[in-house]
Amino acid sequence: MEVVIVAIAATLGNLLMGWDSSTIADKMMSSTTVRKLQVVSPVPVDIDIANSVEPVHISQIAKDLNLSPNHYDLYGKYKAKVLLSVLDELQGSEDGYYVVVGGITPTPLGEGKSTTTVGLCQALGAFLDKKVVTCLRQPSQGPTFGIKGGAAGGGYSQVIPMDEFNLHLTGDIHAITAANNLLAAAIDTRIFHESTQSDKALFNRLCPPNKEGKRSFSDVMFRRLTKLGISKTNPDDLTPEEVNKFARLDIDPNSITWRRVMDINDRFLRKIAIGQGLDEKGMVRETGFDISVASEIVAVLALTTSLADMRKRLGKMVIGNTRESHFTFCFMLDLITEMAQETTRALRTGYILVYIYIYGSTNIFKKKTILFCFNHLKPIFYFCLH
Amino acid sequence: MSSSTTVRKLQVVSPVPADIDIANSVEPVHISQIAKDLNLSPNHYDLYGKYKAKVLLSVLDELQGSEDGYYVVVGGITPTPLGEGKSTTTVGLCQALGAFLDKKVVTCLRQPSQGPTFGIKGGAAGGGYSQVIPMDEFNLHLTGDIHAITAANNLLAAAIDTRIFHESTQSDKALFNRLCPPNKEGKRSFSDVMFRRLTKLGISKTNPDDLTPEEVNKFARLDIDPNSITWRRVMDINDRFLRKIAIGQGPDEKGMVRETGFDISVASEIMAVLALTTSLADMRERLGKMVIGNSKSGDPVTADDLGVGGALTVLMKDAIHPTLMQTLEGTPVLVHAGPFANIAHGNSSIVADKIALKLVGPGGFVVTEAGFGADIGAEKFMNIKCRYSGLTPQCAIIVATIRALKMHGGGPAVVAGRPLDHAYLTENVALVEAGCVNMARHISNTKSYGVNVVVAINKFSTDTEAELNAVRSAALAAGAYDAVICTHHANGGKGAVDLGIAVQKACENVTQPLKFLYPVDLSIKEKIEAIAKSYGASGVEYSEQAEKQIEMYSKQGFSGLPICMAKTQYSFSDNAAAKGAPSGFVLPIRDVRASIGAGFIYPLVGTMSTMPGLPTRPCFYDIDLDTTTGKVIGLS
């Protein structure tokens, strides 16, 4: 098991410091990797300072923290992922001191909180001979290629290698981007498939028979069944009503809060219309992209405490709502039908035909054909379609 | 030859368990041990966890004087939607060569896209007892190369729209002032990437202040024609709702709405650049030369014109190194690049093959897989990849299955996700023989490159001896160097030993030099027609759009590039339902695109989608995590 250093390193760092002090109380282990910098004035640019210092191989840094090779995975020569399993090993150790760095309300240029955080830790470790770990957020790539530049600290207080810190790192933000967008694709695709298939067809595809003709629920499906209060374990035992509840999420497109993400500054994706291809059968929807670090999945990663906890939090993310107001909507639809028919009789001009599919427990509302006089009912037209 | 300490022979179970269960039942060797067996020193690779490493390009400098090993490409007959086991055969053959025939061997494979893993097809690590492990690490993220491609592609896309926006709202002077701002001492300078644009414009001045107003206008204004933009955004998820979108609808974008869409990441030109590049310097050049569209006066606009060529290279600098993994039987695998074969050139990278050929040395084997049927993957391997790499293969394998041959012989349609018709489960020698015309044409086409062709008959449990022998006879009659029945899915490397022996003999007995299907100095149309002829077409017809594009690319000086056909993988023709060996048809070229940085012209035959969709029940329903052990569950 492994997670990013940002998620658990705060606890880990403190555990490590406590462990060390409790077991070697009278003899502080001397670090073999800490060194003092030779500084130049005026201060050169950050990348030149970073490139002037040869990083120590990360296995040496890990060794100084008393991490055994079983508890970390190397990612090249200067990065490693610390595995969550180290928490089990250090469960009995006491914590070290826990310090948070904040700031006054900043200018757009930033006031140097990252630089201060790094500088303080360099002081504690290199000059005051203390066990110290710095816990930082992984920077987004967007600002790196945009206007702000990197976030590895500055001047003679930096995280190195600077380029590896600011780009990709160990791929965690890429993983968040992929996970966020898989969920987004699942939402639109599910709405599409529900709009083109009957309950029976949906169910048949969700629980297809295997080679021996037997159906089964996958593990994740039991979570939905539990949520619906259905305790059956054999798909063939479900009643038609239960099949409908299980197979139809009946997502209200207007309620969807889940947006796609990418880790690039791209203002043209702030507001977009998706589903404009012919094969998507007119299911156009307005949405947009956030930058990846705005995804709820980043927040889950930052707040989770274990792999099992992360699994629960990811599954519980809410993407939108069902169409709870379908009766109200259908009621309005009846009024609109009558209005349209009246207007059509009176004006007989500019017809447009619209099919609206409404999903609910009552078959009478399954499908309605509405005849609109486009020129006069345009506001209602847009209301119905959006 | 040092004796390998990591190769082992599998104990197999019958019937064959699920792929993920087989993969999880074998403990991988620490990848540093695999590297040691290849005589790689720790300076020449970076560990990525315990079972993956990136082999650094610097190893090529060290091994410059070494001779290459044998170079083998695995293609196939025209497949069913279920796939005929090319990846499994590639891995099984290497397990045979390494674990049973005691040869130095490296497998070179494409990195699978994540889209299909969560979509409908599942993973691509081989199958049964012939797999790359760890399977979950192979199919997800790997070492982040596709993520890097996604980021680089979308950075360029953002640069395009943003540049159009800024040019629409600023004067020449204001644009120039921002592109070359004065520093603290009031001095302006050009960045390195700007000199490329200046050179392209024929401006030799080095001081921004020396430019005339006319030169400022030419330099600062790319004047991109929005209707000409071919560059799309990408993501590595199957999401059909992003195929066609409208962007820029926010109020701050001042009405600059534009229609575009997303492709899947492995369809990006940057993926093709990664697969075809030969060095870091070459990659920098290719990335900068990528054409995103035209100016309003018809000139091509490149990534370097937008100022982003260097940044793209920075994002890709680690992706250029291939990833070392292993098979179930402990033989080394280099995984690198993964362009789709039906919409790109469908082969893994040149740099991985070059490294592997040096590492195995004379008498060793490098086996690489070309995507889909030999009319697609192997054709592009020969005419595009070998042209750019300068490497020469000795042997091409064509993987055939009774199932696919029955389909070509007139059997009922094979549909993914549906049970097979009984015609595929019971003996029917006549149906198999009727379908061998497809295999025969692939053999004939592939032999014309000068390589020896070995047919690997991937045996399924439903195949009978009579059917298998009929295929073997037909293959030999069609001119194959040899034809071998293989059971590597059920038996691992042991099931492909005969194939290994046949491949070794084929490599040792090459009599002809490599011969391309067409020289690149032919016109674009002549090259397209040469490929169409190999498909069995009687002629080619070009749409109005295709004619226009061909004329434009020729005028812009790009007619010397090889051709990368985007065609359905399910038929030699443009009609996926035309099985067997169709002939006499006219091949319709609907559109022509270009990947100038990757270095090929890209005709579209019929309708090709570059962003797959998700089915009602995608694979992700079965994928979960055992949160106690951290093991992946349900990955196929």
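Residues numbered from 1 in each chain as written. Chains lettered and ligands numbered in written order. Predicted model: local features only at pLDDT ≥ 70, side-chain atom pairs only at ≥ 80, totals over all residues. Heavy atoms only, no water.

(A) Structural view of the overall build of chain B. A tally of regular secondary structure across chain B gives 22 helices and 23 strands. Sorting the 636 residues of chain B into buried and exposed places 61% on the buried side. Once local pairs closer than 6 in sequence are excluded, the contacts in chain B between residues at least 24 apart make up 75%. Carbon and sulfur atoms make up 51% of the accessible area of chain B, which amounts to about 22500 Å² in all. (Helix = DSSP H or I, 4+ residues; strand = E, 2+ residues; numbered from the N terminus. Buried < 20%, exposed > 50% of the residue type's maximum accessible area, 1.4 Å probe, protein only. Contact = heavy atoms within 4.5 Å. Areas by Shrake-Rupley, 256 points an atom, 1.4 Å probe, with all protein chains shown as cover.)

(B) Region of the structure containing the overall build of chain A. Summing up its helical and strand segments, chain A has 15 helices and ten strands in all. Counting all 386 residues of chain A, 40% fall into the buried class. Once local pairs closer than 6 in sequence are excluded, the contacts in chain A between residues at least 24 apart make up 63%. About 21700 Å² of surface is accessible on chain A, with carbon and sulfur atoms providing 57% of the total.

(C) Inspection of the environment of B:H44 at higher detail. Residues and elements named next belong to chain B. Its place among the elements puts H44 in the loop between α2 (31-37) and β1 (45-47). Placed twelve residues apart in sequence, H44 and L56 show a C-alpha to C-alpha distance of 5.3 Å. H44 has contacts with K54, V55, L56, S58, V59 and E62, leaving out every residue within four places of it along the chain.

(D) A look at the sheet that holds strand β21 (residues 600-605) of chain B. All names here are of chain B. Strand order in the open sheet formed by three strands is β19-β20-β21, with mixed pairing between adjacent strands. Strands with a single pairing partner mark the edges of an open sheet, and in this sheet they are β19 (539-542) and β21. Across the sheet, the mean angle separating the axes of adjacent strands is 50° when strand polarity is ignored. Looking at chain direction, β19 and strand β20 (residues 586-595) are connected through four bridges and run parallel. Bridge pairing in β20 places G539 opposite V586. Docked against the sheet, helix α21 (residues 524-535) engages β19, β20 and β21, running at close to 130° with respect to β19. (Pairing = 2+ DSSP bridges. Axes fitted to C-alpha atoms, helices over the stretch in contact; angles between N-to-C directions.)

(E) Layout of the interface of chain A and chain B. In this assembly, 60 residues from chain A lie in contact with 59 residues from chain B. For chain A, the biggest contributors to the area lost against chain B are A:L182, A:R267 and A:F268; these three give 14% of the whole. Applying the counting rule to chain A against chain B returns twelve salt bridges. The closest approach of N and O atoms between B:D46 and A:K77, which form a salt bridge, is 2.5 Å. Of all the secondary structure elements, the ones that give two or more residues to the side of chain A that touches chain B are β1 (72-74), α6 (141-145), α8 (172-196), α9 (199-206), α10 (219-228), β5 (260-262), β6 (272-274) and α13 (307-315) of chain A. It is α8(A) that provides the largest number of residues to the side of chain A that touches chain B, a total of twelve residues. A class-by-class count of the residues in the side of chain A that touches chain B yields 31 nonpolar, 14 polar and 15 charged. (Buried area = accessible area lost by both parts, 1.4 Å probe. Salt bridge = Lys/Arg side-chain N within 4 Å of Asp/Glu carboxyl O. Nonpolar A, V, L, I, M, F, W, Y, C, P; charged D, E, K, R; others polar.)

(F) Representation of the packing of aromatic side chains within the structure. Residue and element names in this part refer to chain A. Applying the stated criterion to the full structure yields 14 aromatic pairs over all chains. Between F203 and F246, the ring centres sit 5.9 Å apart and the planes meet at 85°, which makes this aromatic pair edge-to-face. Of this pair, F203 sits in helix α9 while F246 is found in helix α11 (residues 240-247), placing the two residues 43 residues apart along the sequence. Across the pair, exposure class does not vary: F203 and F246 are buried alike. (Phe/Tyr/Trp six-rings, centres within 6.5 Å; stacked < 30°, edge-to-face > 60°.)

(G) Representation of a nonpolar patch on the surface. A cluster of nonpolar side chains, contributed by A:Y97, A:V99, A:V101 and A:L120, occupies part of the molecular surface with about 450 Å² of accessible area. Among the structural elements, A:V101 can be located in the loop between α4 (85-89) and α5 (113-127). (Patch = residues over 30% accessible without salt bridge, like charges linked within 9 Å, V, L, I, M, F, W, Y side chains within 5 Å.)

(H) Looking closely at the state of the cysteines. Counted according to the given criterion, the structure contains zero disulfides over all chains. Its sulfur unpaired, B:C507 is 4.9 Å from the next cysteine sulfur, which belongs to B:C395. (Disulfide = S-S within 2.5 Å.)

(I) Main features of the environment of A:I191. Residue and element names in this part refer to chain A. Mapped onto the elements of the fold, I191 is located in helix α8. Residues I191 and D250, 59 residues apart in the sequence, show an inter-C-alpha distance of 7.4 Å. The contact partners of I191, leaving out residues within four places of it in the chain, are I251, I256 and M283.

(J) Highlighting helix α12 (residues 280-289) of chain B. Listed as buried for α12(B) are B:M283, B:R284, B:R286, B:L287 and B:G288. Of the surrounding elements, those touching the buried residues of α12(B) are α9 (192-201), α11 (269-276), β12 (300-302), α13 (309-316) and α15 (374-389) of chain B.

(K) Structural view of the nonpolar core. Residue and element names in this part refer to chain B. Membership of the largest hydrophobic core comes to 139 residues, with the highest contact counts inside it found for L156, M316 and L324. Residues in contact with L156, not counting those within four places in the same chain, are W231, M290, I292, A303, L306, V308 and L312. By size, the runner-up hydrophobic cluster in this structure holds 26 residues, among which are V291, A546, I589 and I601. (Core = buried A, V, L, I, M, F, W, Y, C linked by side-chain atoms within 4.5 Å.)

(L) Structural detail: the side chain of B:T107. Here B:T107 shows up in strand β4 (residues 105-109). Excluding residues that lie within four positions of it along the chain, B:T107 makes contacts with B:T90, B:C94, B:T327, B:P332, B:V333, B:L334 and B:V367.

(M) How the structure looks around the pairing of strand β11 (residues 291-294) of chain B. Residue and element names in this part refer to chain B. Sheet topology note: the β11/β12 ladder contains three bridges and is antiparallel. Considered in β12, the bridge of N294 is made with P300. In sequence, β11 turns back onto β12 through a hairpin of five residues, with G298 there showing a positive phi of about 95°.

(N) Focus on the pattern of salt bridges. Applying the stated criterion across every chain yields a total of 51 salt bridges over all chains. Linking A:R215 and A:D236 is a salt bridge whose minimum nitrogen-to-oxygen distance equals 3.3 Å. A residue pair is termed long-range when its members are at least 10 positions apart, and A:R215 in the loop between α9 and α10 and A:D236 in the loop between α10 and α11 qualify at 21 residues. Note on A:D236: relative accessible area 51%, which makes it exposed. Ionic pairing is found between A:K232 and A:E242, a salt bridge with its closest N-O pair at 2.8 Å. Here A:K232 is found in the loop between α10 and α11, whereas its partner A:E242 is found in helix α11, with ten residues between them in sequence. Connected through salt bridges with shared partners, the residues A:D188, A:R260, A:R285 and B:D239 form a single ionic network.

(O) Fine view of unusual backbone geometry. In the segment running from A:S41 into A:P42, the intervening peptide bond is cis, with an omega of 0°. Tracing the backbone through its elements, the reader meets A:P42 in the loop between α1 (5-23) and α2 (46-52). A:P161 follows A:I160 through a cis peptide bond whose omega is -5°. Phi angles above zero are rare outside glycine, and A:D129 is one such case at about 55°. Residue placement: A:D129 occurs in the loop between α5 and α6. At B:D223, a position not held by glycine, the phi torsion is positive, near 55°. Topologically, B:D223 is positioned in the loop between α10 (213-220) and β7 (233-235).

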